[in-house]
Amino acid sequence: MIIELEDLKSHLMVEHNLDDLLLLQYEEVAVDTVVKHCNVKSIEELMDENGELFPTIRQAILVLVGHFYQNREMVSFGNPQKLPYSFEYLISLNQEYYHTN
């Protein structure tokens, strides 16, 4: 776990424990997504010398977890939900910087 469960719940304003496993699963998927989006081998490459995630990366993971949590199903009967602009913007700040090709 890269971001603590309590931090995830605080970000999402979730006070109950019913979705803890779901949130941890979303965090794992979000971290994997960010790693792939930034074209790095591991999340550690997106951390500073103290082992802390860069603030934009941390926020991008939180935004993505929030998106997954709020949009759990693929099919929507209202407006389809694409990834939040804030996620794409935060990731774009790091994409070129860490691109190794």
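A brief structural summary. Every value quoted in this text rests on a predicted model; they were computed, and no experiment measured them. Residue numbers restart at each chain and count upward from 1, following the sequence in its written direction. Given that the model is predicted, a residue must reach a pLDDT of at least 70 before its local features are reported, and side-chain atom pairs must reach 80 or more before they are shown or counted; all residues, however, enter totals for whole chains, interfaces and linings. Note: side-chain values were computed over all heavy atoms of the structure, leaving out hydrogens and water.

Turning to the nonpolar core, a few remarks are in order. Buried residues of nine kinds, namely Ala, Val, Leu, Ile, Met, Phe, Trp, Tyr and Cys, make up a nonpolar core once their side-chain atoms join them within 4.5 Å. Burial classes follow relative accessibility: with a 1.4 Å probe on protein chains only, a residue under 20% of its type's maximum area counts as buried, one over 50% as exposed, and anything between as partly exposed. In this structure, L23, I43, L46, L53, I57, I61 and V65 are the most contacted members of the largest nonpolar core, which totals 24 residues. Here a helix means four or more residues in a row that DSSP labels H or I, a strand means two or more in a row labelled E, and each is numbered from the N terminus. Counting residues per element, the ones that place at least two in this core are α1 (5-12), α2 (20-37) and α3 (55-70). In terms of residue count, α3 provides more of this core than any other element does, seven residues in total. The contact definition used throughout considers only heavy atoms, calling two residues in contact when any of these lie within 4.5 Å. Excluding residues within four positions of it along the chain, L53 makes contact with I2, I3, I43, L46, M47, R58 and I61.

The criterion for an aromatic pair is that two Phe, Tyr or Trp rings (for Trp, the six-membered ring) have centres within 6.5 Å, with stacked assigned to planes under 30 degrees apart, edge-to-face to planes over 60 apart and tilted to the rest. By the definition in use, this model includes one aromatic pair. Look at Y26 and F68: their rings are 5.8 Å apart centre to centre, the planes differ by 50 degrees, and that puts the pair in the tilted class. Residue Y26 is found in helix α2, and its partner F68 is found in helix α3; the two are separated by 42 residues along the sequence. Take Y26 and F68: they sit in the same class, and that class is buried.

Its place among the elements puts D20 in helix α2. Residue D20 is classed as buried on the basis of its relative accessible area of 17%. For D20, the side chain forms a polar contact with the side chain of K9, separated by 3.1 Å. Any pair of nitrogen or oxygen atoms within 3.5 Å is treated as a polar contact; in protein, a donor-acceptor pairing is required on top of that, and neighbouring residues in sequence qualify only through side-chain atoms on both sides.

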